[in-house]
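Chain by chain, the residues:
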Amino acid sequence: MKKRSLQSRIFLFGAIFVSLVAIVIGISFYIIISHAVEQQVGERALSIAKTTAERPDIVAGFRTENPSEVLQPIASDIQKSTGAEYVVIGNEHGIRYAHPIEKRIGQKMVGDDNEQALIHGESYISEATGTLGKALRGKAPIFDEDGEIIGIISVGYLKDNIATIFAQYINNIVYIVLIAISLGIIGSSILARNIKKELFDLEPTEIANLFTERNALIESVREAIITVDANGIIRMVNNAAYEILSLPTRTELIGRSIREVIPNTSLPQVMESGEGQLDRTMEIRGKKAIVNRIPIRVGDKIVGAVSSFRLQSDFDRLTEELSQVKQYTEALRAQTHEYNNSLYTISGLIQLQSYDEALDMIHIETAEHQSLIQFMTKRLQDPFLGGIVIGFFNRAKELKIRFILDEDSNLEQLPKHLQKNLLVSIIGNLVTNAFEAIEDLPEEQRIVRILIVETDEEILIEVEDSGSGIADNLYEKVLLEKVSTKNEDDRGYGLMKVQENVNDLGGVIALETGDLGGALFIVSIPKGGYLYDKAN
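Cut-offs applied
- Residues numbered from 1 in each chain as written.
- Predicted model: local features only at pLDDT ≥ 70, side-chain atom pairs only at ≥ 80, totals over all residues.
- Heavy atoms only, no water.
- pLDDT = per-residue confidence, 0-100.
- Helix = DSSP H or I, 4+ residues; strand = E, 2+ residues; numbered from the N terminus.
- Contact = heavy atoms within 4.5 Å.
- Pairing = 2+ DSSP bridges.
- Axes fitted to C-alpha atoms, helices over the stretch in contact; angles between N-to-C directions.
- Polar contact = N/O pair within 3.5 Å; in protein donor to acceptor, adjacent residues only side chain to side chain.
- Buried < 20%, exposed > 50% of the residue type's maximum accessible area, 1.4 Å probe, protein only.
- Phe/Tyr/Trp six-rings, centres within 6.5 Å; stacked < 30°, edge-to-face > 60°.
- Expected span 1.5 Å × (residues − 1).

Notes on the confidence of the model for the protein
And step 1. Mean pLDDT over the protein: 79, with 82% of residues reaching 70 or higher.
And step 2. The spread of mean pLDDT over the elements of the protein runs between helix α15 (residues 530–535), the lowest at 42, and strand β13 (residues 458–465), the highest at 92.
And step 3. The low-confidence segment residues 481–485, where pLDDT is below 50, has 13 contacts with residues more than four positions distant or belonging to other chains.
And step 4. Predicted confidence is poor over residues 487–493, with pLDDT under 50, and the contacts of this stretch with residues over four places away or in other chains come to 10 contacts.

Looking at the sheet that holds strand β1 (residues 86–91)
And step 1. With respect to topology, five strands assemble into an open sheet ordered β2-β1-β5-β4-β3, the strand pairing being antiparallel. What marks the edges here is a single partner per strand, and that holds for β2 (96–98) and β3 (124–130). Between one strand and the next, the sheet's axes are offset by a mean angle of 35 degrees, whatever the strand orientation.
And step 2. With two bridges joining them, β1 and β2 adopt antiparallel strand pairing. Across the sheet, the residue bridging to Ile 89 is Ala 98, located in β2.
And step 3. On top of the sheet, helix α3 (residues 67–82) reaches β1, β2 and β5 (149–158); it is set at about 60 degrees to β2, its chief contact.

Comments concerning the environment of Ser 28
And step 1. Within the secondary structure, Ser 28 is located in helix α1 (residues 6–53).
And step 2. Separated by 2.8 Å, the side chain of Ser 28 and the backbone oxygen of Val 24 make a polar contact.

Some thoughts on the side chain of Arg 137
And step 1. Within the secondary structure layout, Arg 137 lies in strand β4 (residues 133–143).
And step 2. On the basis of relative accessible area, Arg 137 is assigned to the buried category, the value being 3%.
And step 3. In terms of polar contacts, Arg 137 uses its side chain to reach the backbone carbonyl oxygen of Val 110, at 3.0 Å.

Looking at the sheet that holds strand β10 (residues 301–311)
And step 1. The strand order across the open sheet built from five strands is β7-β6-β10-β9-β8, with neighbouring strands paired in antiparallel fashion. Only two strands of the sheet have a single partner each, and these edge strands are β7 (234–237) and β8 (277–284). The mean inter-strand angle of the sheet, taken between neighbouring strand axes irrespective of direction, is 25 degrees.
And step 2. Two elements, strand β9 (residues 287–298) and β10, share 10 bridges in a ladder whose sense is antiparallel. Counterpart to Ile 290 in the pairing with β10 is Arg 310.

Points about the packing of aromatic side chains
And step 1. Per the stated rule, a full pass over the model turns up four aromatic pairs.
And step 2. Look at Phe 62 and Tyr 97: their rings are 5.3 Å apart centre to centre, the planes differ by 55 degrees, and that puts the pair in the tilted class. Taken together, the residues span a long stretch of sequence, with Phe 62 in the loop between α2 (56–61) and α3 and Tyr 97 in strand β2 at a distance of 35 residues.
And step 3. Given a relative accessible area of 15%, Phe 62 falls into the buried group.
And step 4. Classification of Tyr 97 as buried rests on a relative accessible area of 17%.
And step 5. Judged by centre distance (5.8 Å) and plane angle (80 degrees), the rings of Phe 403 and Phe 435 are edge-to-face.

Considering α3
And step 1. Spanning 16 residues, α3 covers 22 Å between terminal C-alpha atoms, matching the ideal 22 Å at 1.5 Å per step.
And step 2. Directly after α3, the chain includes Gly 83, whose backbone phi takes a positive value near 80 degrees.

Comments concerning the side chain of Gln 79
And step 1. Assignment of secondary structure puts Gln 79 in helix α3.
And step 2. Within the structure, the side chain of Gln 79 is placed 2.9 Å from the backbone oxygen of Glu 85, a separation counted as a polar contact.
And step 3. Excluding residues within four positions of it along the chain, Gln 79 makes contact with Ala 84, Glu 85, Tyr 86, Val 87 and Pro 100.

Quick look at the structure:
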């Protein structure tokens, strides 16, 4: 059986609920009215009985030789004038002196409900079955001048006739109930349509699926995500946010003000202006982060904002990896270009039939390449490190730079815990800067030397160039600020990154004037490593 839609269920439940409420109210209203009518009829009967019992002609009629002749006409007049079903007058023994049916005069009154009036002298309302049927009666004792009980008045209204009065009210109540049910059905239909519209015509299962998918999506991204309402109260936080905020996942953030968690947040300003902020830098709990802030709108109204952020170090790491890939690509390109030049030269010599010169060039290129490979295999056995050095050799040949790998270089294997990407970034930035520092010199003066050596405790890296060196006033700033000898605005970040990477590896870096006349960078990295010691 196909499950009903949300709209039909809301309509059905609403209609049933309103109908039941209307019916219950109608029944309750009928019961209240019936009781009120009965009470009113009973009080009316009692009032007539008490008034009749106090009439002097009724008391005088009891003193006559034949009370029935006097009292019967009086009782008939009272019955007609008040609309009562009957007015019965009896003596102190309950024997009738007056009755609507004359042949029953002289007989004992029926119902066994005269004791309170004849014995105790009380006036009251009773419900009993008499000769005319079940009736609601008002009874009052009759007293003489001396206060003695000499008789009883009974004024009654038959229950069947009272039921007729109730029937008149029932019709009205039924009409009211039907109108209420009709209005409830119409209201349920309108409510169902509006709720369905507010839910974007989605069914509960679809909403549940979307909610589950949203949570899975939010938790799958590595960026921290926080959403707030219009008052700046946090409504959603993913696990990545807890990590960046350095908070335990059990810390309750939902319901707290965003300013309590991130005091320098700009989310309130975003909600006020209605303009998003993309790729903004800020410091969160002592960490540099890149933040995006977007207002949440429902129609034209801003109901909140969402902020996504990630640590600057994550972007820096990606930048380093891309830089390394770029360096490898550039090295391969340079190597390919150099080999092509050599092949073109050899091809030309062969075409000119200069076979001896072609063989000499092949031998020179082969010897130089084999010498480099043998030296690298013997002295720099780590392929990760050897690869980038060979790449720089090829790049140096293309730039007409004499690239010297110091013969004292020796490194068997990088420690496993050492982050190779940081080490390669350090060497890459220093060598690239050295190449750029001498690019304007005459070809014979372009020299760059690199030394990579390990001891029992550290790895030592030296990069030296034959350029003009670093000005004295820049020595203290070059590793800490964006400083460049070039005029371009986007330069000067390399040495800052070198300093950060050296710090991450727990090492130190020094800057001196080298024997070649240019800058000499000396980097010392402990084999244990700062990060390694911290982790252990």
